[in-house]
Amino acid sequence: MKPQTTPNKFGGPASRETRLQIVQPIKSIDELASFCKRRGFVFPGSELYGGLSGFWDYGPLGVELKNKIKADWWKKFVQDRDDVVGIDGAIVNNPNIWIASGHVGSFADVLVDCKRCGVKHRADVLINDVLGIPADSMAIEQMKEIIEKNNIRCPACKKGELTEPRRFNLLFKTHVGAVEGEKSTAYLRGETCQTIFVNFKNVLDTARMKLPFGIAQAGKAFRNEIAPRDFLFRSREFEQMELEFFVHPQKLNDCPEFEKIAKKKVLVLTASEQVKKSQKVTEMTFGELAEKVYVKSKWHAYWLFQHYNWFLELGISPENLRLREHTKDELSHYAVATFDIEYNFPFGWKELGGQADRGQFDLTQHAKFSKKDLSCFDEETKQRFIPYVAAEPSQGVDRAFLALLTEAYTVDGDRIVLKLKPKLAPVQVAVFPLLRNDAKLLKFAQGVHKGIKEKFITHYEESGNIGKSYRRQDEIGTPACITVDFDSLKGKDVTVRDRDTMKQKRVKVKELIEYLEKILQSK
Ligand code: GAP
């Protein structure tokens, strides 16, 4: 049965709230977390020893999905482009990198402690949870006033008075070498992009790149978050995929492909609406984002589109995505302008990825602190200049993983179906012999499996219960299942079942690869 849908205000498909009741009953993020554990996508970190809050281990299916997300991003943002190259920097860095970047001084969240039970809470999260007021961009004094005025108590012990809000630095410290002390202190990287900035000159000198060009990196980042929560959404160890796009500061609008994306539409929550305490979302084009100076450059609008469109291509519905402009108060210390790409998670609209215009902040800081020249030479004007980072597409791998699973998780009657795009599915084709104790049948099925194994990511199983095997494959998102039965031995054909329609078709073994390719491309 086709699910009923109520059109949204733009005439598009129904909102998540409407669809949730019909085909996507993820009631909470906890439901997704337990599904992920049950099916081997993600396990709580250090579980055997009681766990460690904010750390997660990816299981056999999770690592496949995660690697595919990373590979797809790398292909689209690096390999398919002539103007981007990649690096893979170290995780532990010289502390001066993080002093110059401003993270040692300003990379902090506001925290309150319970005077009774000692539990620490992130003040903005607490205010939002208790009073429903968004507080991410609130000044520390305002948080103090609100907590006192509303007599907010510790939500853990329900009684304790809270301390005054104070800043808490999120960088993880470690020690390098045998002796611990001030001199051996180093930091685990809090964002991947800093190793891009400190290698800017190395890349420029070796990769023969000319401005405008980008440097990308994907890898681990660490933040000692006060309140890790919502499963993978906010953890202490996570992965980022980041790209810094460097342009000449006088050529911020020289974006040759801008016209191609200028008419594409997106939902936007502007800073001015948020300042008015309104949550009014406007549909606008990426052209309007640049023309009405929400973003400072055409390059920024261009990269916002690439980032947003990557999610559409991976199967996220446009109704579940929007851009949110950062208000002035909330901008990070390095940012000229920032837009988050928000996703409609089961716990509300939250940041999925982000994109700042970082201006000349980082290269200027690193040049100053390292006392090295990080400028470029302009052949036309014969002057030196510091390149400008017009856009920084920054995407958390784990948040992309979470959004893609949320979007794909579907309950269809009595079956759970993970409607992942075939290119992301951990298994693309599963092969089952009808019975597990018939040598001839097994040999034939193994031959069928061998014949398709090089073309697709496959799973072969002699379970003997086809119904159960289909259900299991539906739950992990396998787009096609093949059953080999006794007729196969005579007719040299098999049954192919489609994950989404459950339709079955008899297909000759010699035409199998072509047929499977068709199914996979149809989704
Ligand atoms: N270099 C810019 C930067 O790091 P950010 O907004 O702090 O900006 C970028 O982080 C992205 O990294 C976020 O949009 C999110 O996808 C991911 N991210 C940040 N903190 C995270 C956390 N604690 N857990 C999981 N993902 C996180």
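Calculation rules
Residues numbered from 1 in each chain as written. Predicted model: local features only at pLDDT ≥ 70, side-chain atom pairs only at ≥ 80, totals over all residues. Heavy atoms only, no water. Helix = DSSP H or I, 4+ residues; strand = E, 2+ residues; numbered from the N terminus. Buried < 20%, exposed > 50% of the residue type's maximum accessible area, 1.4 Å probe, protein only. Lys, Arg positive; Asp, Glu negative; His and termini not counted. Salt bridge = Lys/Arg side-chain N within 4 Å of Asp/Glu carboxyl O. Contact = heavy atoms within 4.5 Å. Near = heavy atom within 4 Å. Polar contact = N/O pair within 3.5 Å; in protein donor to acceptor, adjacent residues only side chain to side chain. Areas by Shrake-Rupley, 256 points an atom, 1.4 Å probe, with all protein chains shown as cover. Nonpolar A, V, L, I, M, F, W, Y, C, P; charged D, E, K, R; others polar. Pairing = 2+ DSSP bridges. Axes fitted to C-alpha atoms, helices over the stretch in contact; angles between N-to-C directions. Parallel < 35°, antiparallel > 145°, perpendicular 65-115°, else oblique.

**Student:** What's the story with the side chain of Asp-357 in this structure? I'm lost.
**Tutor:** As for its position among the elements, Asp-357 is in strand β16 (residues 348-357). For the buried Asp-357, no salt bridge exists, and the shortest N-O distance to an oppositely charged side chain is 5.6 Å, to Lys-296. In this structure Asp-357 touches Lys-296, His-300, Tyr-334, Ala-335, Val-336, Ala-337, Tyr-388, Val-389 and Ala-390, once residues within four positions along its chain are discounted.

**Student:** Help me out: how do you make sense of the site of the ligand in this one?
**Tutor:** Taken together, 21 residues sit near the ligand, with Glu-191, Arg-223, Glu-242, Glu-351 and Leu-352 positioned nearest. Separating an oxygen atom of the ligand from a side-chain N or O atom of Glu-351 is a distance of 2.5 Å. Side-chain polar atom of Glu-392 to a nitrogen atom of the ligand: 2.9 Å apart, as the coordinates give it. Burial of the ligand by the surrounding chains reaches 91%, relative to a free accessible area of 550 Å². At the level of secondary structure, the elements contributing two or more residues to the shell around the ligand comprise β11 (237-247), β16 and β19 (388-396). For the shell around the ligand, the element with the most residues is β16, which contributes 4 residues. Broken down by class, the residue content of the shell around the ligand amounts to 6 nonpolar, 6 polar and 9 charged.

**Student:** Just to check I follow, could you spell out the sheet that holds strand β24 (residues 480-484) for this structure?
**Tutor:** Strands in a sheet are paired, the pairing made by backbone hydrogen bonds, and the direction either parallel or antiparallel. Spatially, the 5 strands line up as an open sheet ordered β23-β22-β24-β25-β26, and their pairing is mixed. Bordering the open sheet on either side are β23 (458-460) and β26 (504-508), each of which pairs with just one other strand. Ignoring which end each strand starts from, the neighbouring axes of this sheet average 25° apart. Across 3 bridges, strand β22 (residues 429-433) lies against β23 in parallel orientation. Pairing of Val-431 across the sheet is with Tyr-460, part of β23. Sheet contacts for helix α19 (residues 512-521): β22, β24, β25 (493-498) and β26; angle to β25, the most-contacted strand, approximately 5°.

**Student:** Where do I start with the sheet that holds strand β8 (residues 173-175) in this structure?
**Tutor:** Taking strand neighbours across the sheet as the criterion, the 3 strands line up as β4-β9-β8 in an open arrangement whose pairing is antiparallel. Looking at the sheet topology across the chains shown, the edges are occupied by β4 (92-93) and β8. Across 3 bridges, β8 lies against strand β9 (residues 185-188) in antiparallel orientation. The partner of Thr-174 across the bridge, within β9, is Ala-186.

**Student:** So what exactly am I meant to see when it comes to the pairing of strand β5 (residues 108-113) here?
**Tutor:** Consecutive side chains of a regular strand alternate in pointing toward one face of the sheet and then the other. Extensive coverage of β5 is indicated by the burial of 5 of its 6 residues. Where β5 and strand β7 (residues 166-169) come together, 4 bridges link them in antiparallel fashion. Counterpart to Asp-109 in the pairing with β7 is Phe-168. Examined bridge by bridge, β5 and strand β6 (residues 120-122) share 3 bridges and lie antiparallel to one another. Each bridged residue has a counterpart across the sheet, and for Val-112 the counterpart in β6 is His-121. What sits between the antiparallel neighbours β5 and β6 is a turn of 6 residues, in which Gly-118 has the positive phi angle 85°.

**Student:** Sorry, what's going on with the packing of helix α2 (residues 29-38) against helix α15 (residues 397-408) here?
**Tutor:** When two helices pack together, their arrangement is given by the angle between their axes and by how far apart the axes lie. Relative to each other, α2 and α15 sit at 95°, their axes nearing to 11 Å. What the angle tells us is that α2 and α15 run roughly perpendicular. For the pair α2 and α15, the contacting residues are Ile-29, Leu-32 and Cys-36 in the first and Leu-402, Leu-405 and Thr-406 in the second. Residue composition of the contact of α2 with α15, grouped by class: 5 nonpolar, 1 polar and no charged.

**Student:** Just to check I follow, could you spell out helix α6 (residues 123-131) for this structure?
**Tutor:** Structurally, the α-helix is built with 3.6 residues per turn, so residues lying three or four positions apart point the same way. Looking at α6, one finds that the buried residues are Ala-123, Asp-124, Val-125, Leu-126 and Ile-127. Taken together, the buried residues of α6 touch β5, β6 and α7 (140-149). At the C-terminal side of α6, Gly-132 shows a positive phi close to 70°.

**Student:** When you look at the pattern of salt bridges in this model, what are you seeing that I'm missing?
**Tutor:** For side chains of opposite charge, pairing can occur when their charged atoms come near one another. For the structure on display, the rule yields 44 salt bridges. A salt bridge links Asp-485 to Arg-506, with the shortest nitrogen-to-oxygen separation between them at 2.9 Å. Separated by 21 residues along the polypeptide, Asp-485 in the loop between β24 and α18 (486-491) and Arg-506 in strand β26 bring together distant segments of the chain. The buried category is assigned to Asp-485, whose relative accessible area is 16%.

**Student:** Would you explain the environment of Ile-341 in this entry?
**Tutor:** Structurally, Ile-341 can be placed in strand β15 (residues 337-345). Judged by relative accessible area, which is 0%, Ile-341 ranks as buried. Separated by 53 residues in sequence, Ile-341 and Ser-394 have C-alpha atoms that sit 9.9 Å apart. In contact with Ile-341, not counting residues within four places along its chain, are Leu-304, His-307, Tyr-308, Leu-321, Arg-322, Leu-323, Lys-350, Glu-351, Leu-352, Gly-353 and Gly-354.

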